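Here is how the chains run, residue by residue.
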Amino acid sequence: MNNLAQDSKHVCLVGDFNARTGHLPDFFKPDAFLSQVSVHICDEFSYSETRVRSVVFEKLSIPLQRTVQDVTVYNFGNKFTEFCKNIDLYIVNSRLGSDKNIGAVTCRNRSTVDYVIASVNIFEVLQDFDIHYFCNLYSDVHKPVCLQFHVLIISLIAGMKPILRVSQT
């Protein structure tokens, strides 16, 4: 997973991660000392990813701190947020779309265990994020998590002009 996240600028994972994260941060926030250390001796990749995140989140008015209805933290929640921090993926829940600043529960109307985690570049093409109402037709206990992307697809076929399409899925 680490190799995938490092090799691609566009990573998006969706599913039941069975992790209750409460208000745990999913990012490293360098203080003044750590910023100076990372400029001189630490991995430039990590430092530059922090700067990219700051620019993209600010440009799109995405809050760094997540709002959550489920404040419970379990051991898997700690591991999950550490996983996100270590490979520069960010929890989309409560940061975007219809769920922005809400942090709706996703399971049994009391817990959040279903997440979308994404690289910072995915946030630029995510148009909406929502947690829909529970329906036992789709799941025994989980609410549907909905994403809407806005991407520009350029197709080049030998001997033809570029074909531009806007795709919303």
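For clarity, every value in this text was computed on a predicted model and none was experimentally measured.

What counts, and at which threshold
- Residues numbered from 1 in each chain as written.
- Predicted model: local features only at pLDDT ≥ 70, side-chain atom pairs only at ≥ 80, totals over all residues.
- Heavy atoms only, no water.
- Helix = DSSP H or I, 4+ residues; strand = E, 2+ residues; numbered from the N terminus.
- Buried < 20%, exposed > 50% of the residue type's maximum accessible area, 1.4 Å probe, protein only.
- Contact = heavy atoms within 4.5 Å.
- Areas by Shrake-Rupley, 256 points an atom, 1.4 Å probe, with all protein chains shown as cover.
- Phe/Tyr/Trp six-rings, centres within 6.5 Å; stacked < 30°, edge-to-face > 60°.
- Expected span 1.5 Å × (residues − 1).
- Arc of directions from axis to C-beta.
- Pairing = 2+ DSSP bridges.
- Axes fitted to C-alpha atoms, helices over the stretch in contact; angles between N-to-C directions.
- Lys, Arg positive; Asp, Glu negative; His and termini not counted.
- Salt bridge = Lys/Arg side-chain N within 4 Å of Asp/Glu carboxyl O.
- Polar contact = N/O pair within 3.5 Å; in protein donor to acceptor, adjacent residues only side chain to side chain.

### Overview of the overall build of the protein
Broken down by element type, the protein carries five helices and six strands. The secondary structure elements of the protein, listed N-terminal to C-terminal, are α-β-α-α-α-β-β-α-β-β-β. Taken across its 169 residues, the protein has 38% of its residues classed as buried. Of all intrachain contacts in the protein linking residues separated by at least 6 positions in sequence, the fraction that spans at least 24 positions is 68%. For the protein, the accessible area works out to roughly 10,100 Å², and carbon and sulfur atoms hold 56% of it.

### Considerations on the packing of aromatic side chains
By the definition in use, this model includes four aromatic pairs. An aromatic cluster is defined as three or more aromatic residues linked by ring pairs; in this entry it consists of Phe-17, Phe-80 and Tyr-115.

### Some points on helix α4 (residues 75–86)
Between the first and last C-alpha of α4 there are 17 Å, a value that for twelve residues agrees with the 16 Å anticipated at 1.5 Å per step. Taken residue by residue, α4 has Gly-77, Phe-80, Thr-81, Cys-84 and Lys-85 as its buried positions. Seen from one end, α4 has its buried residues packed into an arc of 135°, which puts them on one side.

### A short note on the sheet that holds strand β2 (residues 90–91)
Here three strands make up an open sheet; going across it, the order is β1-β3-β2 and the pairing antiparallel. Bordering the open sheet on either side are β1 (12–16) and β2, each of which pairs with just one other strand. The sheet contact formed by β1 and strand β3 (residues 114–118) spans five bridges and is antiparallel. The residue bridging Leu-13 from the neighbouring strand is Ile-117, located in β3. Sheet strands touched by α4: β2 and β3. Its angle to β3, the strand with the most contacts, is close to 15°.

### Focus: the side chain of Asp-99
Here Asp-99 is to be found in the loop between β2 and β3. For the buried Asp-99, no salt bridge is present, and the opposite-charge side chain at shortest range is Arg-66, 8.5 Å distant.

### So, the environment of Ser-8
Here Ser-8 is to be found in the loop between α1 (2–7) and β1. Owing to a relative accessible area of 25%, Ser-8 belongs among the partly exposed residues under this scheme. Placed 113 residues apart in sequence, Ser-8 and Asn-121 show a C-alpha to C-alpha distance of 9.8 Å. At a separation of 3.1 Å, a polar atom in the side chain of Ser-8 contacts the main-chain amide nitrogen of His-10.

### Describing the side chain of Asp-26
Tracing the backbone through its elements, the reader meets Asp-26 in the loop between β1 and α2 (32–40). Assessed through its relative accessible area of 0%, Asp-26 is described here as buried. Within the local environment of Asp-26, its side chain forms a polar contact with the backbone nitrogen of Ile-91, the two atoms lying 2.7 Å apart. Among the polar contacts made by the side chain of Asp-26, one reaches the side chain of Arg-95 at a distance of 2.7 Å. Excluding residues that lie within four positions of it along the chain, Asp-26 makes contacts with Arg-66, Thr-81, Cys-84, Lys-85, Leu-89, Tyr-90, Ile-91 and Arg-95.

### What to know about the pattern of salt bridges
In the structure shown here, the tally under the stated rule is four salt bridges. Among the salt bridges present, the one from Glu-124 reaches Lys-59, with a minimum N-O distance of 3.0 Å. Of the two residues, Glu-124 sits in the loop between α5 (120–123) and β4 (126–131) while Lys-59 sits in helix α3 (residues 44–59), which places them 65 residues apart along the sequence. On the basis of relative accessibility, which here comes to 57%, the residue Lys-59 falls in the exposed class. Where Glu-82 meets Lys-85, a salt bridge forms, and the shortest distance between an N and an O atom there is 3.2 Å. With Glu-82 and Lys-85 both in helix α4 and three residues apart, the pair spans about one turn of that helix. What makes Glu-82 partly exposed here is its relative accessible area of 35%. Among the residues examined, Lys-85 registers a relative accessible area of 14% and is labelled buried.

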